Amino acid sequence: MMLDSLDPTLIMLLAGGAALLALALAFWLALRDRGGSEAEAQAREQAALMSEKLMAAQAELAGRLSQLAESQAAAQARLAQQMQAQERQLSKSVEERLADVTRRVGESLEKSSTQATQSLTELKERLAVIDAAQKNITELSTQVVGLQDILSNKQARGAFGEVQLENLVQAVLPPNAYQFQAQIGDGRRVDCLLILPNPPGPIGIDAKFPLEGYRALQNAGDDAARTVARKALGASVLKHVRDIRDRYIVPGETADSALMFLPSEAIYAELHANLGDVVEQSYREKVWIVSPTTLMATLNTVRAVLKDARMREQAHIIQREVQLLGTDVGRLDERVEKLQTHFNQAGEDIRQIRISTDKVTKRAGRIEELQLGPAEETPLVPPPDRLAGE
């Protein structure tokens, strides 16, 4: 047992008993040193007295120890009960915390599972989109390879330009304003012939283009090679321009100009950016170089010209229709005037009818105001308006 847990009174008793015992021992030793029977008798008496006191102190100490043991047992019992209560409360709190943690973990796992499922679904959808895009890219690559095969062959390249030319012309002009593979001159055939009235007359369009020179320019590795390739491209374009002039400009049958269609905006931009002299020479040769964009604008202009020509051709019909329209307007004015007269007469008739209805209403009111009595008392007096002859 620890000293700090002992009763202070018990500690004092223990200290006092130890002091008395020490004092008795010292006194006995002192008397023994003196000698004599009287001293021994007194020592024995004193020792007996001190022994009694010591026994009483021991008895009191035993009682105190018994009370302290009982108190300590009760305190331990209370402490055990408190410890059990705290243990039960702690166990309950731990169980509640564990249940809450389990619930939160379950919710978190469920939420994570839902998010993972959603993410997997989105990932699957994106993978499907990527697969579709990959498929489109594969198809596009196949088409590009096919386009390269087409453009590598002169005849196929000409057919490609003709198809693009046909699509543009058919999208803008009416069917009677053009003719594909038309025969002109001494049996020569032009890719497309725009049928315009004189002037200017039919205009031919050629859809072939010098792709080899442009490819050589693109593949040139240095400035010197690009200069040589650019000159070669200009020479091939000028040769093609002169061929169009000689073949598709027929005096008295076609217009004094023709169109050279380039189905590539890149070649058209290269000519105007770096080969301006070639473009100017084509103007002097009356061969106009056009791209898909500029051809669209040209075709819209042609459509406006055709519309204006048709309007001029139908001008006399329009004038006759305008005259007939004026006659119809005059006749309509006469009929409106007659209808106005009828309306005025109808208004007058309605006014007369209103006068009659007002009189009838007034007479009906006077009849309602009459007080009927015996026959001899009611004089038969005609109404004032009746006496007036109305």
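Our subject is the structure that appears above.
Keep in mind the model is a prediction, meaning the values are calculated, not measured. (Residues numbered from 1 in each chain as written. Predicted model: local features only at pLDDT ≥ 70, side-chain atom pairs only at ≥ 80, totals over all residues. Heavy atoms only, no water.)

### Overview of the packing of aromatic side chains
Inference 1: Counted according to the given criterion, the structure contains two aromatic pairs.
Inference 2: A ring pair is formed by Tyr 178 and Phe 180, whose centres lie 5.2 Å apart and whose planes are at 50 degrees; its orientation type is tilted.
Inference 3: On the basis of relative accessibility, which here comes to 15%, the residue Tyr 178 falls in the buried class.
Inference 4: Between Tyr 283 and Trp 288, the aromatic rings sit 5.4 Å apart at their centres with planes inclined by 45 degrees, giving tilted as the arrangement.
Inference 5: Overall, the relative accessible area of 33% leaves Trp 288 in the partly exposed class. (Phe/Tyr/Trp six-rings, centres within 6.5 Å; stacked < 30°, edge-to-face > 60°. Buried < 20%, exposed > 50% of the residue type's maximum accessible area, 1.4 Å probe, protein only.)

### Some points on helix α7 (residues 276–284)
The α-helix advances 3.6 residues per turn, and as a result positions three or four apart in sequence lie on the same side.
Inference 1: For α7, every residue scored as buried is listed here: Val 278, Val 279, Gln 281 and Ser 282. Around the axis of α7, the buried residues are gathered within 160 degrees of arc, so they sit on the same side. Of the exposed residues in α7, the ones pointing more than 90 degrees away from its buried face are Asp 277 and Arg 284.
Inference 2: Against the buried residues of α7 lie α5 (223–248), α6 (265–274) and β5 (287–290).
Inference 3: After α7 finishes, the residue Lys 286 shows a positive phi value of roughly 65 degrees. (Helix = DSSP H or I, 4+ residues; strand = E, 2+ residues; numbered from the N terminus. Arc of directions from axis to C-beta. Contact = heavy atoms within 4.5 Å.)

### With respect to the pairing of strand β4 (residues 258–261)
Note on strand geometry: in a regular strand, side chains alternate between the two faces of the sheet.
Inference 1: Burial along β4 is two-sided: Ala 258 and Met 260 and Leu 259 and Phe 261, pointing in opposite directions, are all buried.
Inference 2: Note: strand β3 (residues 203–206) against β4, three bridges, orientation parallel. In the strand pairing of β4, Asp 206 is matched with Met 260.
Inference 3: The pairing of β4 with β5 spans four bridges and is classified as parallel. (Pairing = 2+ DSSP bridges.)

The analysis is restricted to geometry; functional conclusions fall outside its scope.
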